[in-house]
Amino acid sequence: MGSSPWRLGLTGGIGSGKTTVSRFFSEYGAAVFDADFVARSVTGPGGAAISMIRQQLGDQAIAADGSMNRTAVRDIVFSDSAMRLRLEQIIHPLVWTESLQQEKSAARSGFPCILFDIPLLAESGVWRTRLDRILVVDCPERTQVERVVRRSGLSEEQVIRIVQSQAPRARRLSIADIVIRNDQISLANLAGQVRHIGAFFGL
Ligand code: ATP
């Protein structure tokens, strides 16, 4: 019987490099829980959240293929914070339950470290109670904007708006135990930093 795995939270603003960092952690032997992936799957066709979303937000919230209609829901919750809260109250418990299951299974499989990739970690207090340490991937906002514009085809203004809707950089840094500054460094350098941090967490 091994000891329980380290639970390491990973967060960062849009385009900061979270996905890249979590891929390196996975390569070095961590189990990775991806909150966005789970949120997308419970709202995908026939997902566990769909009937509740239909009930709470109406038929217009569900697309013909049985998935959540993201564009319609974005419009609904954009102007209605009560609806946003209802949506969160449907999706978050499902993501939380899945995370408990994945944590249990990773512990049983003997992983030394579970990385919890939680984009909105700084916005939500509840996850922090479950984590041993928090790793923040940080970069200046102009780097975030450049990367996301290049990758997504969104306009600079659209990306700036998303960046501004997220927790400010200082707030994320204030919850960090470890910071990776992912700006003007090569991917090889980033991988090296992940290896170094991973070694502390048994990888
Ligand atoms: P999102 O929040 O939008 O999912 P993210 O934080 O997961 O973004 P990534 O997808 O890891 O960010 O990185 C955004 C883009 O920037 C990717 O195309 C990635 O390859 C690139 N990138 C990240 N870090 C570096 C780096 N150090 N050098 C070069 N490219 C990088």
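Small disclaimer: the values here were computed from a predicted structure and weren't measured.

As for the sheet that holds strand β4 (residues 133-138)
If you walk across this open sheet you meet the five strands as β2-β3-β1-β4-β5, and the pairing is parallel. In the strand order of this sheet, the two ends are held by β2 (31-34) and β5 (178-181), each with one partner. Here the strands of the sheet are splayed against their neighbours by 20° on average, with no regard to which way each runs. Judged from the four bridges that link them, β2 and strand β3 (residues 113-117) form a sheet pairing that is parallel. Looking at the pairing, valine 32 lines up with leucine 115 of β3. In the packing of helix α1 (residues 18-27) onto the sheet, contacts are made with β1 (6-11), β2, β3, β4 and β5, and the angle to β1 comes to roughly 155°.

Concerning the domain arrangement of the protein chain
Domains assigned within the protein chain are domain 1 (1-30 + 112-203) and domain 2 (36-110). Taking the mean C-alpha position of each, domain 1 and domain 2 sit 22 Å from one another. Carbon and sulfur atoms make up 69% of the area that domain 1 and domain 2 hide from each other, which totals about 770 Å². Ranking the residues of domain 1 by area buried against domain 2 places Ile114, Trp127 and Arg130 at the top, with a combined share of 52%.

About the thresholds
Note on numbering: residues in each chain are counted from 1, in written sequence order. The model is predicted, so local features are restricted to residues of pLDDT at least 70 and side-chain atom pairs to those at 80 or more, both for listing and for counting; the totals for chains, interfaces and linings are taken over all residues. Based on all heavy atoms of the structure, the side-chain values leave hydrogens and waters out of the count. The pairing criterion is simple: DSSP has to find at least two bridges between the two strands. The numbering of helices and of strands both runs from the N terminus, where a helix is a DSSP run of H or I of at least 4 residues and a strand a run of E of at least 2. Here the axes come from fitting lines to C-alpha atoms, over the contacting stretch only for helices, and the angles between their N-to-C directions go from 0 to 180 degrees. The contact criterion used throughout is that any non-hydrogen atoms of two residues lie within 4.5 Å. Domain segmentation is taken from an automatic or database assignment of domains. Buried area is calculated as the accessible area (1.4 Å probe) missing from two parts once they are joined, with the contributions of both summed.

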